[in-house]
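Reading the structure
These are the residues of each chain, in order.
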Amino acid sequence: MSATLDRVDAQALFRYALRLGDLSLVLGQRLGEWVGHAPALEEDLGLANIALDLIGQARLLLTYAGEVEGRGRGEDEIAFLREHGEYLNAILVEQPNGDFGQTIVRQVLIDAFQLELYERMATSTDERLAAIAAKSVKEIRYHLRYSSGWLVRLGDGTEDSHARVQSALETLWPYTVELFAEDELDRTMADHGVAPRLSDVQVAWVRRIDEILAEATLKRPRDRPHSWHGKRGQHSEHLGYILAEMQHLQRTYPGARW
Amino acid sequence: MNSDRRLSLAWSALESVEDPEIPTLSIVDLGLIRSVKPQSDGVLEVGLSPTYIGCPATEVIRRSVEGALRNAGVGAFVVTSVLSPAWSSDWITAEGRRKLEIYGIVPPQQSASSMRDILRQDRPVACPRCQSTDTECISEFGSTPCKALHRCRGCLEPFEYFKCI
């Protein structure tokens, strides 16, 4: 097991790995809802492939969380048998898909966040997280290429498409506060070089988002205070519905395997 | 069995394992085998890199590798997943690129290190059928995560492009 454990409390690292893994897991599950329903076959393929990459990230991160925790829980047990309050994802990723434009806005916000976070985490003092980050970031670049490409087309498109994505941006923007709200756990990880400072990630994220919004002729909404709870395990009601669908099989047929 | 003989048996077994999505292309051509070496206890360790993080073919490939090694009779072995350094399309061999072309898939056109900022970067990809460079990308993701879907404006045929990663 990685040498970081000598320095970072295992329980803290466990919770941090859950934050990262749950973000990928819940967003992957959300995107999966589009399969068979996207506006065109190409978008079906695009969203499904991004979902697949996200589930892949979640598998590695939750497996690692289980090892760090040291209670013998594997990826499936962690993904499918926890309760609502044990998920530590930011609540932006559990927001409903809405129309295609809203899904794209959410995706751009998260893709850019993951890109800036994982580019920096590729040099983490935690070897395992560094490896997962370096692997993930290559794929995340393609996710952002896809999502930002669509945001530009929709924002700089028709009057209707522009109005829809601008409105989705207003709706989702307040939830981005949580991505960068630093708490004790984030500070501990940054102090030990396990994760980058969220303030550094935020500066880079805002710069990237501003470039994309400018190209898309969209206006960045004003920041305003927003209470956040997902990273502490308090969620919107949406997560309950996601879990009901996601966990149904494992809870009905415990231990079911492919 | 001497160790050279064992290694060459193992490598030829691995060369016989085809990619489930692109038959004719072996996993050695794809650069997925990172190492084949006996450990101190005599167990042969085979390091296997996943291509894409969530690629469903990864599990299939792993099982095929285990089956091929068993059939080749290389003795005790273990297949380990090598995450770092992350697999790159730069590792596809010259033979692998040739086979991709024969299969009608355009191999990666750039080195992966040049793809750090791919947000709006686009390079014409020549059509594998008529060689025209008047082509367009119609989908960033194709039938598998590793490929994008393109279309040739010259001969009007669609084709797949293996992305740089």
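The structure displayed is predicted, hence computed values, not measured ones.

So, the nonpolar core
Core analysis: the biggest nonpolar cluster contains 114 residues, and Ala17, Leu61, Ala65 and Leu151 of chain A have the highest contact counts within it. The element that contributes the greatest number of residues to this core is helix α5 (residues 127-155) of chain A, accounting for 14 residues. Per-domain counts for this core show at least three residues from each of domain 1 (3-87) and domain 2 (94-162) of chain B. Sequence-distant contacts of alanine 65 of chain A, that is, excluding residues within four places in its chain, are made with Phe14, Ala17, Leu18, Gly21 and Ile78 of chain A.

Focus on the domain arrangement of chain B
Residue and element names in this part refer to chain B. Examined at the domain level, chain B breaks down into domain 1 (3-87) and domain 2 (94-162). Relative to domain 2, the C-alpha centre of domain 1 lies at a distance of 27 Å. For the side of domain 1 that touches domain 2, the residue count by class is five nonpolar, two polar and two charged.

Digging into unusual backbone geometry
Note the cis peptide between serine 84 of chain B and proline 85 of chain B, where omega equals -5 degrees. Inspection of the secondary structure puts proline 85 of chain B in the loop between β3 (77-81) and α3 (94-102). Here threonine 217 of chain A, not a glycine, exhibits a phi torsion of approximately 55 degrees, which is positive. Structurally, the position occupied by threonine 217 of chain A is in the loop between α9 (198-215) and α10 (237-252). Its identity is not glycine, yet threonine 24 of chain B carries a phi of approximately 85 degrees, on the positive side. Residue position: threonine 24 of chain B is located in the loop between α1 (3-15) and β1 (33-38). Overall, threonine 24 of chain B belongs to the exposed group, with 11 C-beta atoms counted inside 10 Å.

Points about the sheet that holds strand β6 (residues 147-152) of chain B
All names here are of chain B. One open sheet accounts for four strands, arranged β4-β7-β6-β5; its pairing is mixed. Two strands in the sheet have a free side with no partner beyond their single neighbour: β4 (105-106) and β5 (135-139). By the bridge criterion, four bridges tie β5 to β6 in an arrangement that is antiparallel. The residue bridging cysteine 137 from the neighbouring strand is histidine 150, located in β6.

Some remarks on α10 of chain A
Residue and element names in this part refer to chain A. Taking 1.5 Å as the rise per residue, α10 with 16 residues should run 22 Å; its terminal C-alpha atoms sit 22 Å apart, in good agreement. Its axis deflected by about 45 degrees at methionine 246, α10 carries its strongest bend there. Considered for burial, the residues of α10 that qualify are Leu239, Ile242 and Leu243. Looking at the buried positions of α10, the neighbouring elements they touch are α1 (10-32).

The rules behind each value
- Residues numbered from 1 in each chain as written.
- Chains lettered and ligands numbered in written order.
- Predicted model: local features only at pLDDT ≥ 70, side-chain atom pairs only at ≥ 80, totals over all residues.
- Core = buried A, V, L, I, M, F, W, Y, C linked by C-beta atoms within 7 Å.
- Buried ≥ 20, exposed ≤ 12 C-beta atoms within 10 Å, placed from the backbone.
- Helix = DSSP H or I, 4+ residues; strand = E, 2+ residues; numbered from the N terminus.
- Domains from an automatic or database assignment.
- Contact = placed C-beta atoms within 7 Å.
- Nonpolar A, V, L, I, M, F, W, Y, C, P; charged D, E, K, R; others polar.
- Pairing = 2+ DSSP bridges.
- Expected span 1.5 Å × (residues − 1).
- Bend = angle between axes of the 7 residues up to and from the residue.

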